[in-house]
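Descriptive structure summary
Listed below, chain by chain, are the residues.
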Amino acid sequence: MLDHFLQTRGLSLSDVASHDDFVKQLSAAVRTHRKNPALIHGFRIQTMFAYLAAALGSCKIIIEEDCGEFFVTSPDFKRPDFRILTDEGKEFFIEVKNFNQTDPREPFILKSDYAESLQDYANAFKKPLLFAIFWTRWQMWTLVSLDCFSKGDRTYSMEFLSAPKHDQMAILGDCLIGIPKPLALRFYTDPQKPRKLEANTHVRFTIGRCVFVCAGKEITDDFEKRLAMFFLLYGTWEDVEQPGHVENGEVIWFEIQGMKQDSNPGQNFMLVGRLSEMITRQFNSMTVEKGKVLRIDPQVQPDKLGVIIPKDFKGDVLGIWRFMLQPERPVFDGGGSAAVQ
């Protein structure tokens, strides 16, 4: 940045006075950008995707593609945001977009020249291009290729209800998670201290120990405890209940239990959401407060987000069901090569 600043003014690095001018201009630019919430939010969403892709656990390399020097023979090439290589050897480009719908039926739109310049860049490397769209209203990510958009005269469009059937997020390791039900954080009272329920339904007690409980069984494995905490904090719960257990007039324990409508009470598991949704909520909790962006970067390593679940994990008490959502037209075939578009 300094070198570019000096070149535009015909100055050299040895010109000390010019350094002060550079700092002043940089400070002015920062003040201007801070007053642009759309710009700040856009930077945060792009950073969120990089963290999300890393935290999902199936990427070997994530490179910020659109930075550094860029020499090209055609002015029609535009660099996407990221280049990704997965553990399975699948390599592709990602352009990250954020869409805050005012109307749920409003489609996401790309200008043709913009989208095609990105596609031309990817084609030059013979690698697929995918658009990572963050649907702000629904706090949901979808990963779709350009050929899945509806093409107009000068635009490409994608409706929210159409996006999930073309979604390729499974390439990054995303999946829908099911767990035994219910899941709760249980607090046992200390039997050596007063814990009797009084006539006015009040009770004084001392907490003796805390445990995670799933399907009525205590979780003892450390990794399963991490999963339980993550699911309780960031799962798609609709409500929280705090049931208690009383014996002989004494409170034995009470729980903090995640609740949601159980549309299939006969099955022995419940869906707690997609991993990408849960990691997104965690990222938001670290970067946003009361609707205001506090920081673009959560200031932690990506492996501190989410919980990377080994592919062969089955679990003892907290067993999980993983549903891998597959698109109608996958961008990759059964191997690591790109499918014909």
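One can find the structure itself at the top, above this paragraph.
This is a predicted model, so every value here is computed, not measured.

Now for the layout of surface pockets. Empty pockets left among the atoms are what a rolling probe the size of a water molecule brings to light. Looking at the largest pocket, its volume works out to about 430 Å³. Together, 22 residues line the largest pocket, and Ser58, Ala170, Ile171, Gly173 and Met324 are the ones closest to its centre. Taken together, the residues of the lining of the largest pocket break down into twelve nonpolar, five polar and five charged. Of the volumes computed, that of the second largest pocket is approximately 340 Å³. Forming the walls of the second largest pocket are 15 residues, and the residues nearest its centre are Gly42, Phe43, Gln46, Val96 and Lys97. For the lining of the second largest pocket, the secondary-structure elements that each account for two or more residues are helix 3 (37-55) and strand 3 (91-99). If you tally residues by element for the lining of the second largest pocket, the top one is helix 3, at six residues. Class assignment of the residues belonging to the lining of the second largest pocket gives a composition of six nonpolar, three polar and six charged.

One can find glutamate 277 in helix 6 (residues 275-287). Although glutamate 277 lies buried, it forms no salt bridge, and the closest oppositely charged side chain, arginine 281, sits 4.6 Å away as judged by the N-O distance. Apart from residues no more than four positions distant in its own chain, glutamate 277 is found in contact with Gln139 and Thr236.

Attention now moves to the side chain of glutamine 46. Mapping glutamine 46 onto the fold places it in helix 3. Relative accessible area serves as the criterion here: at 18%, glutamine 46 is assigned to the buried category. Apart from residues no more than four positions distant in its own chain, glutamine 46 is found in contact with Glu64, Asp66, Asp81, Phe82 and Val96.

As a further point, take the environment of phenylalanine 77. The topology assignment puts phenylalanine 77 in the loop between strand 1 (59-64) and strand 2 (82-86). Of the residues examined, phenylalanine 77 reaches a relative accessible area of 24% and is grouped as partly exposed. As for phenylalanine 77 and asparagine 123, which are separated by 46 residues in sequence, their C-alpha atoms are 9.9 Å apart. Excluding anything up to four places from it in sequence, phenylalanine 77 contacts Phe70, Val72, Ser117, Asp120, Tyr121 and Ala124.

Let's shift gears to helix 3. Residues lying three or four places apart along an α-helix face the same way, a consequence of the helix completing one turn every 3.6 residues. Across its 19 residues, helix 3 extends 26 Å between first and last C-alpha, which sits within 8% of the 27 Å expected from 1.5 Å per residue. Buried residues of helix 3: Arg44, Ile45, Gln46, Thr47, Met48, Phe49, Ala50, Tyr51, Leu52, Ala53 and Ala55, and no others.

Before going further, it helps to examine the pairing of strand 2. Burial of strand 2 is extensive: four of the five residues sit out of reach of the surface. Bridge count between strand 1 and strand 2: five bridges; the pairing is antiparallel. Bridge pairing links cysteine 59 to threonine 86 in strand 2. Hairpin connection, strand 2 to strand 3: the antiparallel pair is bridged by four residues, and glycine 89 has positive phi, about 85°.

Parameters and conventions
- Residues numbered from 1 in each chain as written.
- Predicted model: local features only at pLDDT ≥ 70, side-chain atom pairs only at ≥ 80, totals over all residues.
- Heavy atoms only, no water.
- 1 Å grid on protein atoms, 1.4 Å probe; cavity = no way out; pocket = protein on both sides within 12 Å on 5 of 7 lines; lining within 4 Å.
- Points joined across faces, edges and corners; volume = space filled by probe spheres on them.
- Nonpolar A, V, L, I, M, F, W, Y, C, P; charged D, E, K, R; others polar.
- Helix = DSSP H or I, 4+ residues; strand = E, 2+ residues; numbered from the N terminus.
- Buried < 20%, exposed > 50% of the residue type's maximum accessible area, 1.4 Å probe, protein only.
- Lys, Arg positive; Asp, Glu negative; His and termini not counted.
- Salt bridge = Lys/Arg side-chain N within 4 Å of Asp/Glu carboxyl O.
- Contact = heavy atoms within 4.5 Å.
- Expected span 1.5 Å × (residues − 1).
- Pairing = 2+ DSSP bridges.

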